[in-house]
Amino acid sequence: MMRNLRAGMGSIIADDMGLGKTLQVIAVIEKLRSAGELKDKQVLVVVPTTLLTNWKRELARFAPRIKVSFFYGANRSLGDVLLTTYGTLRSSMKVLQTTGGD
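All figures in this text were calculated on a predicted structure; none of them were measured in a lab.

Definitions and cut-offs
Residues numbered from 1 in each chain as written. Predicted model: local features only at pLDDT ≥ 70, side-chain atom pairs only at ≥ 80, totals over all residues. Heavy atoms only, no water. Helix = DSSP H or I, 4+ residues; strand = E, 2+ residues; numbered from the N terminus. Buried < 20%, exposed > 50% of the residue type's maximum accessible area, 1.4 Å probe, protein only. Contact = heavy atoms within 4.5 Å. Arc of directions from axis to C-beta. 1 Å grid on protein atoms, 1.4 Å probe; cavity = no way out; pocket = protein on both sides within 12 Å on 5 of 7 lines; lining within 4 Å. Points joined across faces, edges and corners; volume = space filled by probe spheres on them. Pairing = 2+ DSSP bridges. Phe/Tyr/Trp six-rings, centres within 6.5 Å; stacked < 30°, edge-to-face > 60°. Lys NZ or Arg CZ within 6 Å of the ring centre and 35° of its normal.

Novice: Give a description of the side chain of T84 that names residues and reports values.
Specialist: Take T84: it is sitting in strand β4 (residues 81-85). For T84, a relative accessible area of 0% translates into the label buried. If near-sequence neighbours (up to four positions away) are discounted, T84 is found in contact with L44, V45, V46, V47, L52, F71 and L89.

Okay, here's the thing in structure tokens:
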């Protein structure tokens, strides 16, 4: 993931459940944050609706210094890490593009 980021690419993390994908992504986000590379930037994490609260809980557990916000339903606040769903991403693409900078 870090190599992809350094090359200007994102990553799609998909494989069998229970292999640590969430924790791997959190570790990358925390590394970027602690190195100051997320200053004035946001991270967008797109997950199925059923995983929103799990991601928020895991981020609070493993990277408590990161401000996490839901961008879903009525809860559309902006933080360092935005958690959203595929459907919300699809319907709010323009809003996310303008608030996300690039």
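Novice: Can you tell me about the side chain of T88, naming the residues and giving the values?
Specialist: Residue position: T88 is located in helix α4 (residues 86-91). For T88, the residues in contact, after removing those within four places along its chain, are F71, Y72 and R76.

Novice: So, helix α3 (residues 52-62): which residues are in play, and what are the values?
Specialist: Taken together, the buried positions of α3 are L52, W55, E58 and L59. Angular distribution of buried residues about the axis of α3 spans 130°; they occupy a single face of the element. Away from its buried face, by an angle of more than 90 degrees, α3 presents the exposed residues T53, A60 and R61. Check the buried side of α3 and you find it contacts α2 (21-34), β1 (43-47), β2 (68-72) and β4.

Novice: Describe the layout of surface pockets, naming the residues involved and giving the relevant values.
Specialist: One number sums up the size of the largest pocket: a volume of about 1600 Å³. Lining the largest pocket are 46 residues, with S11, V25, V43, L44 and V45 positioned closest to its centre. Sorting the residues of the lining of the largest pocket by element identifies α1 (2-6), α2, β1, α3, α4 and α5 (93-99) as the ones contributing at least two each. When residues in the lining of the largest pocket are grouped by element, the largest group, seven residues, is from α2.

Novice: Summarise the pairing of β4; cite the residues concerned and give the values.
Specialist: The element β4 is largely enclosed, with a buried count of five among its five residues. Burial along β4 is two-sided: V81, L83 and T85 and L82 and T84, pointing in opposite directions, are all buried. Alignment of β1 against β4, held across five bridges, turns out to be parallel. The partner of V47 across the bridge, within β4, is T85.

Novice: So what's going on with the packing of aromatic side chains? Residues and values would help.
Specialist: Under the counting rule described, the total for this entry stands at zero aromatic pairs. Over the ring of F70 we find K56, and its NZ or CZ is 4.9 Å from the ring centre.

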